[in-house]
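Chains, contacts and geometry: an overview
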Amino acid sequence: MTTAALAGLGRVLRRRGLAMMLATLCVALLAGLTAPGSHAEYGDVVINNFSDKAEMRPVVFPHWFHRVRFRCKVCHADLGFKFQAGGNEINMLKIIDGEYCGACHNGEIAWSIENCDLCHSGKPGTPTQVHESTLQKLLTPVNK
Amino acid sequence: MRAGRSRHRRAAAAVWLVAAMASTGGAGAREWRPLDDDGVHDPAAPGLQYLQKPSEALSVLPPDTAGNRVNWVEALRQGIIKPRTNVFPETKVNLLDLDVIFPETSEMPMVRFPHLVHTEWLDCANCHDHLFKKKIGANPVNMFKILEGEYCGRCHGAVAFPLTECKRCHSVPRNDLIR
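What comes next is a walk through the structure. (Residues numbered from 1 in each chain as written. Chains lettered and ligands numbered in written order. Predicted model: local features only at pLDDT ≥ 70, side-chain atom pairs only at ≥ 80, totals over all residues. Heavy atoms only, no water.)

Helix and strand content of chain B: 8 helices and 3 strands. When the helices and strands of chain B are placed in sequence order, the string is α-α-α-β-β-α-α-α-α-β-α. Taking all 179 residues of chain B together, the buried fraction comes to 38%. Considering only residue pairs separated by 6 or more positions, chain B has 48% of its internal contacts joining residues 24 or more positions apart. Just so you have it, chain B exposes about 10500 Å², and 56% of that area is on carbon and sulfur atoms. (Helix = DSSP H or I, 4+ residues; strand = E, 2+ residues; numbered from the N terminus. Buried < 20%, exposed > 50% of the residue type's maximum accessible area, 1.4 Å probe, protein only. Contact = heavy atoms within 4.5 Å. Areas by Shrake-Rupley, 256 points an atom, 1.4 Å probe, with all protein chains shown as cover.)

Written out as structure tokens, the structure is:
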């Protein structure tokens, strides 16, 4: 009886839809159980393209802080930031040159780049990604 | 075609499940994690003490139940926040008041896309034409692609309100348009 039941369950689980829903439910339950735990603010982007290797803390970019002060288009149209965490090949040379973050973080619009610790404030080893995204909540939390 | 529809249903069901779970855990007062306990900042980082706390900035803005717990659109429209439109003087602001209905949404209510609220934040070039062609029916949008970060999912589910807020987009009952 057990073998037949397991085989039946296996067949059902192989159907992608149900497996996806079960996985989702498990993740959601897990998330529910650990709800009071640490979580980043929605839209926080960690950029760790070069930081770990350079023995700097990774950068935490808070979208919430910036959208109080700037519309999306300022960075994503005028400054050329792609809608892709880590996809912009930002480095300190470009920033010093006034590109990307450096268009504002120049001591005129926002504080200038010698304040390394204000951006480089992430936990070492944190992967480059948008935190708290819907997709992240749907998938197995591999990086937790 | 049939397979495509059932894929849609499964995607919608998965999102709905997460939405249901999130809503049961997320009821109550608005709370924001302190930076030194948010899982991404290093509590030992010397710069942390100088950074603005999310609770300080966000608690004074119009409330919402998802994402940052802030209704950003209302915050802008009520003038509570005044985000700059440009850093370069030559940048133009292009507003467009045009709603687009996406009718192919299976059993879900149809999607209404309001250009106006989007153009208050974004420039035309942010979506056109690399994400969306400027032609009705020319964009094969579905929830799988959106969940993978394509189309609406480039922002919604990452920065703009999450994909668990189904009814904010699926807001037009099918009968309303037929009448």
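This part is about the side chain of S51 of chain A. All names here are of chain A. Residue placement: S51 occurs in the loop between β1 (45–47) and β2 (59–61). Looking at S51, the relative accessible area reads 8%, which means it is buried. Apart from residues no more than four positions distant in its own chain, S51 is found in contact with M56, R57, P58, V59 and H120.

Once that is clear, we can look at the pattern of salt bridges. All names here are of chain B. Under the defined criterion, the tally for this structure stands at 8 salt bridges over all chains. With its nearest N and O atoms 2.8 Å apart, the salt bridge here joins D64 to R168. One end of the pair, D64, is in the loop between α2 (54–58) and α3 (72–77); the other, R168, is in helix α7 (residues 166–169), with 104 residues separating them in the sequence. Classification of D64 by relative accessible area gives buried; the value is 17%. Take R168: its relative accessible area is 32%, and that puts it in the partly exposed class. A single salt-bridge network, built from bridges that share partners, covers D64, E165 and R168. (Salt bridge = Lys/Arg side-chain N within 4 Å of Asp/Glu carboxyl O.)

Turning to the nonpolar core, a few remarks are in order. Counting 22 residues, the largest nonpolar core has L58, L61, W72, I81 and W121 of chain B as its most contacted members. Put simply, the parts of the chain that give this core at least two residues each are α3 (63–69) of chain A together with α2, α3 and α6 (143–147) of chain B. Setting aside residues up to four positions removed in sequence, L58 of chain B forms contacts with E41 and W64 of chain A together with R30, W32, N68, V70 and W72 of chain B. (Core = buried A, V, L, I, M, F, W, Y, C linked by side-chain atoms within 4.5 Å.)

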